[in-house]
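Chain and residue survey
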Amino acid sequence: MKTQTIIDKKEVAEKTIRITGSEAVVRSLIAEGVDILYGYPGGAIMPVYDELFKFQGEIHHVLTRHEQGAAHAAQGYARISGKVGVAMATSGPGATNLITGIADAQIDSTPLVCITGQVFSHLLGSDAFQETDIVGISTPVTKWNCQVTKAEDIPGALAKAFYIAKSGRPGPVLVDITKDAQVSELDFKYEKCKGVRSYNPIPKTDPNSIIAAAELINNAKKPMIVWGQGVILGQAEDELKAVIEKAGIPAAWTILGASALPTSHPLNIGMVGMHGNYAPNKLTNECDVLIAIGMRFDDRVTGSLDTYAKQAKIIHFDIDPAEIDKNVKTDVAVLGNSKESLALLFEALNKNTHDSWLQEFKDLYAIEFEKVIKGDIHPEKEGLTMGEVLKQINIESKGNAAIVSDVGQHQMIACRYADFNVTKSNITSGGLGTMGFALPAAIGAKMAAPDREVVAIIGDGGYQMNIQELGTIFQQKAAVKIVVLNNEFLGMVRQWQQLFFDKRYASTEMTNPNFVAIAEGYYIKAKKVTKREELAEAVKEMMASKESYFLEVMVEKEDNVFPMIPSGASVSDIRLS
């Protein structure tokens, strides 16, 4: 028989009560507004799970099938909701299985709070059963972490964890709690953290930097904006749009910045980076002022730094001072929250247009369309292409779906061809490139935004890395739409082997199982498409389903993703074939 405890949130914040450390964990999560958490129980975290059982009316725990799945699901939840995602695991292998998701969240600035159980404190350092130094292991990939050995320290540690995770540039934190801290008692009263000594999450914007930036932009003949996820994290989508439209500046996006501005906006010139659009990559080395907003000049964006935008004045808007001058030398740095700093910039900008400059982007887009895009979405070849699958999804979703992509060729195709009309619609593993990300992340995204259509675009390789999370989808009745683009290869690695290793396809061809049968084994409706004439109806049926749906599409085995900037080459050396 299930027991259920409903508590008054005002009581949590104001009353002091005598409880165990494990109950303090649960009450702290409730005080922080946590409604869903993802995890996997085990011996060292069992007291907290026992308390969760009592508080089922307050927090919905999602049992994933692997702790990595829990971390990625929490990421998906955080990315689409803007809230902190929470994952929990036991000690030893449970904790270490979270690490890939934590590392992914760190490089992609995703706010996570991960809670791990630990052996009794008197056993620390004794190689006890399932003891692992998770604090030491996670230090390089967390924004902050700590180990709690006393029950009375639990509320403060969790309050600090949530504050650090979501403030400033977001990121993952980890709180490791020994078993004796969980079973001991404390006088509990929860106070949210409002600041940490020597931690300044949002630097104050210098008005002089705004003036200097505006002066460069107002006098520019060929300005270009590249925005990243900082715009979305700062909830600055409206401010970005206002700046772009007032100054008439062509604007491109990094992978994680996609969806901050609608795909159809006339000043949206496409994606930069290794497999980005031809025009914004090529013209990076012809603009006279490059305005970077909430992006970190990742190597996949810049290519060779020796040749990157050397002719341009560089303006860099960022919340993190560590990113300024880290990769690209900045002429004007504007520190602060993007929503506030872009609003200040808007006031200082002159109304302007750059029609002839914008036409250069349109001309290069026409070249890319003829040489690449037309063949991707209107193919003449017999086999299906990944691009035409995305085109069909656009038709059915009208650009309003959240696209959760894994890592590989399908990821680049999804980012290039999906229509994004709604912000927070492109959820993918950017900086770490984690195969296996999409399926659990889509679960978290769908649970955070049940009214939105969530479509996972996955390759046959990455799909099998966390295929067990189909069980989570089935148990939670999460209406995720899963599309596996199956080319029977680890496609992106195969592309590099074709282009740079004389077609030596070493360990990249895959012999795959019956994916439809596996999905049906989890009671998920499934279909396989092998012919072009089957595609439209299958996608329509999938998108119309009120429940989860699995669609496997057999695509050309040796299609490549172009344009492409070879690794270490200049953005000017972008190839169309």
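Residues numbered from 1 in each chain as written. Predicted model: local features only at pLDDT ≥ 70, side-chain atom pairs only at ≥ 80, totals over all residues. Heavy atoms only, no water.

Let us look at the sheet that holds strand S12 (residues 289–293). A sheet is described by the order of its strands in space; here 6 strands give the open sequence S11-S10-S9-S12-S13-S14, paired in parallel fashion. Edge positions in the open sheet fall to strand S11 (268–271) and strand S14 (332–335), since each of these has one partner strand only. The mean angle between the axes of side-by-side strands here comes to 20°, regardless of whether they run parallel or antiparallel. As paired elements, S12 and strand S13 (residues 313–318) share 5 bridges and run parallel to each other. Across the sheet, the residue bridging to Val-289 is Lys-313, located in S13. Contacting strand S9 (223–227), strand S10 (251–253) and S12, helix H12 (residues 237–247) runs over the sheet at an angle of about 170° to S9. (Pairing = 2+ DSSP bridges. Helix = DSSP H or I, 4+ residues; strand = E, 2+ residues; numbered from the N terminus. Axes fitted to C-alpha atoms, helices over the stretch in contact; angles between N-to-C directions. Contact = heavy atoms within 4.5 Å.)

Now for the nonpolar core. With 97 residues, the main nonpolar core has Ile-225, Trp-227, Leu-290, Phe-317 and Val-553 as its most contacted residues. Of the residues forming this core, the biggest block, 7 residues, is contributed by helix H16 (residues 355–377). Taken together, domain 2 (207–361) and domain 3 (382–554) each give at least three residues to this core, which thus spans both. In contact with Leu-290, not counting residues within four places along its chain, are Met-224, Val-226, Phe-297, Tyr-308, Ala-309, Ala-312, Lys-313, Ile-314 and Ile-315. (Core = buried A, V, L, I, M, F, W, Y, C linked by side-chain atoms within 4.5 Å. Buried < 20%, exposed > 50% of the residue type's maximum accessible area, 1.4 Å probe, protein only. Domains from an automatic or database assignment.)

Once the domains are mapped, the chain shows domain 1 (10–188), domain 2 (207–361) and domain 3 (382–554). Counting residues at the interface gives 7 residues for domain 1 and 7 residues for domain 2. With both sides pooled, the region where domain 1 packs onto domain 2 buries about 630 Å², and carbon together with sulfur makes up 53% of that total. When the buried area of domain 1 at its contact with domain 2 is split by residue, Arg-79, Asp-108 and Arg-169 rank highest and sum to 65% of it. Across the contact surface, domain 1 and domain 2 share 2 salt bridges. Where Glu-323 meets Arg-169, a salt bridge forms, and the shortest distance between an N and an O atom there is 2.7 Å. (Buried area = accessible area lost by both parts, 1.4 Å probe. Salt bridge = Lys/Arg side-chain N within 4 Å of Asp/Glu carboxyl O.)

Under the definition given, this model contains 25 salt bridges. Between Lys-481 and Glu-453 there is a salt bridge, with the nearest N and O atoms lying 2.8 Å from each other. Taken as a pair, Lys-481 in strand S18 (residues 481–486) and Glu-453 in the loop between helix H19 (438–448) and strand S17 (454–459) lie far apart in primary sequence, 28 residues in all. Taken together, the salt bridges that share partners define one network made up of Arg-169, Asp-320, Glu-323 and Lys-326.

Where burial is concerned, the two faces of strand S8 (residues 185–188) differ: the one with Leu-186 and Phe-188 is buried and the one with Glu-185 and Asp-187 is not. As paired strands, strand S1 (residues 17–20) and S8 are joined by 4 bridges and run antiparallel to one another. Bridging across to S8, Thr-20 finds its partner in Glu-185.

Here, the word disulfide means a covalent bond between the sulfur atoms of two cysteines. Under the criterion given, the structure shown has 0 disulfides. Here Cys-146 is not cross-linked by a disulfide; its sulfur's nearest cysteine counterpart is in Cys-193, at 12 Å. Using a relative accessible area of 13% as the deciding quantity, one classes Cys-146 as buried. (Disulfide = S-S within 2.5 Å.)

This paragraph deals with the environment of Gln-392. Structurally, Gln-392 can be placed in helix H17 (residues 386–397). Excluding anything up to four places from it in sequence, Gln-392 contacts Leu-535, Ala-536 and Val-539.

It is worth spelling out the environment of Ser-341 at this point. By the element assignment, Ser-341 lies in helix H15 (residues 338–348). Setting aside its immediate chain neighbours within four residues, Ser-341 contacts Thr-205, Ile-210, Phe-317, Val-334 and Gly-336.

Turning our attention to the packing of helix H4 (residues 67–81) against helix H6 (residues 99–107). For the pair H4 and H6, the least separation of the axes is 7 Å and the interaxial angle reads 25°. It follows from the interaxial angle that H4 and H6 lie roughly parallel. Residues Gln-68, Ala-71, His-72 and Gln-75 of H4 touch H6, and the partners they reach there are Thr-100, Gly-101, Asp-104 and Ala-105. Of the residues in the contact of H4 with H6, the class split is 2 nonpolar, 5 polar and 1 charged. (Parallel < 35°, antiparallel > 145°, perpendicular 65-115°, else oblique. Nonpolar A, V, L, I, M, F, W, Y, C, P; charged D, E, K, R; others polar.)

Here the focus is the sheet that holds strand S5 (residues 112–118). Ordered by their spatial adjacency, 6 strands build an open sheet running S3-S2-S4-S5-S7-S6, and the pairing between neighbours is parallel. Taken across any chain shown, the strands that pair with only one partner, and hence form the sheet edges, are strand S3 (60–63) and strand S6 (144–148). Geometrically, the sheet is characterised by an average inter-axis angle of 20° between neighbouring strands, direction not taken into account. Strands in contact with H4 are strand S2 (36–40), strand S4 (85–89) and S5; relative to S4, the strand with the most contacts, it is inclined by about 170°. Running at roughly 155° to S2, H19 makes contact with S2 and S3 of the sheet.

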